[in-house]
Amino acid sequence: GTGGDPELSFQLTSPTNGAEFIEGQTVIILADVQATNTSVKSATFFVDGTQVASLTQSPYQASWSAVGEGAHSIKVVVEDVSGLVQEQTVAINVTAQEAGEPIAPEVRFTTPSNGSSIIKDQAVEINVQASDLNDDLSQVLVKANDAAICEFDATVTTQFNCQWNATTVGNV
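Note that the structure is a prediction, hence the values are computed from the model and not measured.

Student: Got a minute to help me understand the overall build of the protein in this structure?
Tutor: Secondary structure assignment for the protein yields 0 helices and 13 strands. Across the protein, helices and strands are ordered from the amino to the carboxyl terminus as β-β-β-β-β-β-β-β-β-β-β-β-β. Its C-alpha radius of gyration of 31 Å places the protein more than 25% over the 16 Å reference for a compact globule of 172 residues. For the protein, the spread of C-alpha atoms along the three principal axes comes to 105 × 25 × 20 Å. Expressed as a percentage of the 172 residues in the protein, the buried residues total 28%. In the protein, once contacts between residues fewer than 6 apart in sequence are set aside, the share between residues at least 24 apart is 56%. When the accessible surface of the protein is summed, it comes to about 11,100 Å², and 46% of that surface belongs to carbon and sulfur atoms. Distance between charge centroids for the protein: 12 Å, based on 5 positive and 21 negative side chains.

Structure, rendered in structure tokens:
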């Protein structure tokens, strides 16, 4: 006997219809394929009509980085060696990654202290402590009378110290 007619079935187990993803999130596309009296030739994965993977053996799993806000269509087409074809489509939604509220860095002068008297043309040591709760501090810029006197790349240093010579008399 031949063992019966070939049968091909599968279930698109991930993602589920209506699933929500955030832009940049990895979407795992997983098909559970059952082939009876036949063998799988290929499982082809599509997102919005564009092929993202084609596999010839189990596990039938692909991934896609969620891009583009709005509705997206994910389709899997499974074909066996005898020409049987099954397909299944689910709709998912991609939302924008929400930026949290910006958090201002905390900055304080350790030297000179507030209200210090400085002699004109004398070198003054300037020390600044700066920190940021969400770790996105990129630059520390120290100004006197609206002119930059020290600038630091906060991505490469946490020491914000410099020398400055006061060139004018008055409050700085």
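From this point, things continue past the structure.
Student: In this structure, what is going on with the pattern of salt bridges? I would like to understand it.
Tutor: Close approach of charged atoms allows side chains of opposite charge to pair. Within this structure, the stated rule accounts for 1 salt bridge. The residue Lys41 makes a salt bridge to Glu79 at a minimum N-O spacing of 3.9 Å. In this pair, Lys41 is assigned in strand β4 (residues 40–47) and Glu79 in strand β7 (residues 70–80), connecting sequence segments 38 residues apart. On the accessibility criterion, Lys41 (45% relative accessible area) is partly exposed.

Student: Honestly, the environment of Tyr60 in this entry has me stumped. Any pointers?
Tutor: Secondary-structure assignment places Tyr60 in strand β6 (residues 60–65). Sequence separation of Tyr60 and Leu30 is 30 residues, and the distance between their C-alpha atoms is 6.0 Å. Every residue in contact with Tyr60, bar those within four places of it in the chain, is listed here: Ile29, Leu30, Ala31, Val33, Val40, Ala43, Phe45 and Leu55.

Cut-offs applied
Residues numbered from 1 in each chain as written. Predicted model: local features only at pLDDT ≥ 70, side-chain atom pairs only at ≥ 80, totals over all residues. Heavy atoms only, no water. Helix = DSSP H or I, 4+ residues; strand = E, 2+ residues; numbered from the N terminus. Rg over C-alpha atoms; globule rule 2.2 N^0.38 Å. Buried < 20%, exposed > 50% of the residue type's maximum accessible area, 1.4 Å probe, protein only. Contact = heavy atoms within 4.5 Å. Areas by Shrake-Rupley, 256 points an atom, 1.4 Å probe, with all protein chains shown as cover. Lys, Arg positive; Asp, Glu negative; His and termini not counted. Charge placed at Lys NZ, Arg CZ, Asp CG, Glu CD. Salt bridge = Lys/Arg side-chain N within 4 Å of Asp/Glu carboxyl O.

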